[in-house]
Amino acid sequence: MRAEIEALAQDIRRSAALLKRHLNWDEALMRLDELNASAENPDLWNDAASAQKIMRERNELDSAIQGCRALERELADLLELIELGEMEGDQTVVDDAEEQVRTLKERAGKMELETLLSGEADHNDCYLEINAGAGGTESQDWAEMLLRMYTRWAEKHGYKVEWLEESSGEQAGIKSATVRILGHNAYGWLKTESGVHRLVRISPYDSAARRHTSFSSAWVYPVIDDTIDIQINESECRIDTYRASGAGGQHINKTDSAVRITHIPTGIAVACQMERSQHQNRARAWDMLRARLYEAELQKREAAAQALEDQKTDIGWGHQIRSYVLQPYQMVKDLRTNVETSDTQGVLDGDLDQFMAASLAARVEGDVTQG
């Protein structure tokens, strides 16, 4: 057996061992037995909220345990297949099995990375808010490109994207937009994307074809469930209604159905215009505000380097997390991890995993160092 395959096999075994250690393997097996017993209890659904929580924990734990077992089983089967192929002199079988080992190594690496998503809200859905920086049409067009990039990323990962609010630019693009991204670990992955994004390109809106630098921001916060208690004093909030614009129901541009709520002590503001009635939009906006306040509290507890609202005061130089250069050369570079690629179109089409993975790993390493 070639040294390369032996090394890959060792890496896969190491990943499986790390996954088991992360799960506290023996305790995880016992806990799964308990959850399976609870799931078979006919009285389980007398309390729907509790039942959903139990079933969610059961499904996640079962998936993690089966994933570890599958890694070990598939590796053993492939190594045995390679040995048989070598004994029988069937190089086609050997080559095919070795390629499957390489694929298995990639899967193991991804599973290992997902163990880093252990924050209390990492498994939740999330809200993604895009805001154009100063610069008019240029930055507004860039904001729309960012929104498309994240929408493509979400679709590639099987996540559902739900449009909540959008403010169109004067000539092109958007001034701001908020979407909800639904799927397991959505917040865990996307939380690494909060910050200012810088674009350098020859402007399609400049008749002199000059190079322009534009800034837009992405801010991510988790959707929180009813088990997390966030108290909001309504007297500390300002509620504004206005006419919705863009996509929406039949009342768009006819009634003041859109709702914006501003939490005065923190300056945090949320808006929703997706529903047809003001009452529904108001309920959605309150949920969004609770999520924003919860995310702000999470940042404090996690000793975030800089408060979200402080960062948002200046969408420009000195605050960016990533640069996207389209001219005179092509490069996307993450300024936190130094990960870079020349495949700018791939990135703008949603190929963001390499940046998210590096940033997530760096966060965890930083937490361990500080601890």
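Per chain, residue numbering runs from 1 following the sequence as it is written. Totals for whole chains, interfaces and linings use all residues, but because this is a predicted model, local features are given only for residues with pLDDT of at least 70 and pairs of side-chain atoms are given and counted only at 80 or more. Excluded from the side-chain calculation are hydrogens and water; included are all heavy atoms of the structure.

As recorded in an unreviewed UniProt entry, the protein goes by the name Peptide chain release factor 2, listed as coming from Paramagnetospirillum caucaseum. We quote the UniProt Function (unreviewed entry) comment for the protein here in full: "Peptide chain release factor 2 directs the termination of translation in response to the peptide chain termination codons UGA and UAA." UniProt positions are given in the numbering used here, feature names are shortened, and annotations may be inferred rather than shown by experiment. Heading Sequence similarities (unreviewed entry) of the UniProt record for the protein holds this comment: "Belongs to the prokaryotic/mitochondrial release factor family."

Residues Tyr150, Ile181, Leu289 and Tyr324 are the most contacted members of the largest nonpolar core, which totals 58 residues. Only heavy atoms matter for contacts: two residues are in contact if any of them lie within 4.5 Å across the pair. Among residues more than four places away in sequence, those in contact with tyrosine 150 are Leu128, Ile130, Leu190, Glu193, His197, Ala218, Arg322 and Leu352. Counting 28 residues, the second-largest nonpolar core is a separate cluster that includes Ile5, Ile12, Leu32 and Leu104. Remark: nonpolar core denotes a set of buried residues (Ala, Val, Leu, Ile, Met, Phe, Trp, Tyr, Cys) joined through side-chain atoms within 4.5 Å. The buried label goes to any residue with under 20% of its type's maximum accessible area, the exposed label to any with over 50%, and the partly exposed label to all in between, with areas taken from a 1.4 Å probe on protein chains only.

Let us look at a negative patch on the surface. Candidates for patches are residues over 30% relative accessible area with no salt bridge; among them, like charges are joined within 9 Å and nonpolar side chains (Val, Leu, Ile, Met, Phe, Trp, Tyr) within 5 Å. To measure how exposed things are, a 1.4 Å probe is used in the Shrake-Rupley method; for residues, cover is taken only from the protein chains shown. The rule for a salt bridge is simple: a side-chain nitrogen of Lys or Arg has to be within 4 Å of a carboxyl oxygen of Asp or Glu. For this count, His and the chain ends are skipped, Lys and Arg are scored as positive, and Asp and Glu as negative. Positions of charges follow a simple convention, taking NZ of Lys, CZ of Arg, CG of Asp or CD of Glu. A cluster of acidic residues, Asp77, Glu80, Glu83 and Glu86, forms a negative patch on the protein surface. Tracing the backbone shows glutamate 80 in helix α3 (residues 48-88). Think of it this way: any DSSP run of H or I at least four residues long counts as a helix, any run of E at least two long counts as a strand, and we number them from the N terminus.

Stacked, tilted and edge-to-face are the three classes assigned to paired rings of Phe, Tyr and Trp, where Trp is represented by its six-membered ring and a pair needs centres within 6.5 Å; plane angles under 30 degrees give stacked, over 60 edge-to-face, the rest tilted. Applying the stated criterion to the full structure yields three aromatic pairs. Between tyrosine 127 and tyrosine 221, the aromatic rings sit 5.2 Å apart at their centres with planes inclined by 40°, giving tilted as the arrangement. Taken as a pair, tyrosine 127 in strand β1 (residues 126-132) and tyrosine 221 in strand β5 (residues 211-222) lie far apart in primary sequence, 94 residues in all. Judged by relative accessible area, which is 3%, tyrosine 127 ranks as buried. Using a relative accessible area of 1% as the deciding quantity, one classes tyrosine 221 as buried.

Here we come to the environment of threonine 266. Along the chain, threonine 266 falls in the loop between β7 (258-263) and β8 (268-272). The spatial distance from the C-alpha of threonine 266 to the C-alpha of glutamate 236 is 9.6 Å, given a sequence separation of 30 residues. A distance of 2.8 Å separates a polar atom in the side chain of threonine 266 from a polar atom in the side chain of histidine 263. Polar contacts here mean pairs of N or O atoms no more than 3.5 Å apart (in protein, one a potential hydrogen donor and the other a potential acceptor; neighbouring residues in sequence count only if both atoms are side-chain atoms).

Strands are labelled as partners when DSSP assigns at least two bridges between them. An order of β2-β3-β1-β5-β4-β9-β10-β11 is seen for the eight strands of this open sheet, with the pairing classed as mixed. The sheet terminates laterally at β2 (160-168) and β11 (340-341), the two strands that pair on one side only. Where β2 lies against strand β3 (residues 174-182), eight bridges are found, and the strand directions are antiparallel. Bridge pairing links glutamate 166 to alanine 177 in β3. Lines are fitted to the C-alpha atoms to define the axes, a helix being fitted only along its stretch in contact, and any angle between axes, read from their N-to-C directions, falls within 0 to 180 degrees. Packed onto the sheet, helix α5 (residues 137-156) meets β1, β2, β3, β4 (195-202), β5 and β9 (320-325) and runs at close to 45° relative to β5.

On to the pairing of β5. Among the twelve residues that make up β5, nine are buried, leaving the element largely enclosed by the rest of the structure. Pairing of β1 with β5 involves seven bridges; the strand directions are antiparallel. Residue leucine 128 lies in a different strand from β5, and its bridge partner there is valine 220.

Averaged over every residue, the pLDDT of the protein is 86; the share at 70 or more is 88%. pLDDT expresses how confident the predictor is about each individual residue, on a scale running from 0 to 100. Predicted confidence is poor over residues 247-253, with pLDDT under 50, and the contacts of this stretch with residues over four places away or in other chains come to 14 contacts. Predicted confidence for residues 366-371 stays below pLDDT 50, and this span has zero contacts to residues more than four positions away or in other chains.

Residue glutamine 327 is joined to proline 328 through a cis peptide bond whose omega torsion reads 10°. Among the secondary structure elements, proline 328 is positioned in the loop between β9 and β10 (331-334). Not every positive phi belongs to a glycine, and asparagine 185 is a case in point at roughly 70°. Among the secondary structure elements, asparagine 185 is positioned in the loop between β3 and α6 (186-190). Look at asparagine 185 and you get buried, because its relative accessible area is 5%. With a phi close to 65°, asparagine 338 is a non-glycine residue in the positive phi region. Residue placement: asparagine 338 occurs in the loop between β10 and β11.

The next thing to look at is the side chain of aspartate 206. In this structure, aspartate 206 sits in the loop between β4 and β5. At 2.8 Å, the side chain of aspartate 206 and the backbone nitrogen of alanine 208 are in polar contact. Polar contacts involving the side chain of aspartate 206 include one to the side chain of arginine 210, which spans 2.8 Å.

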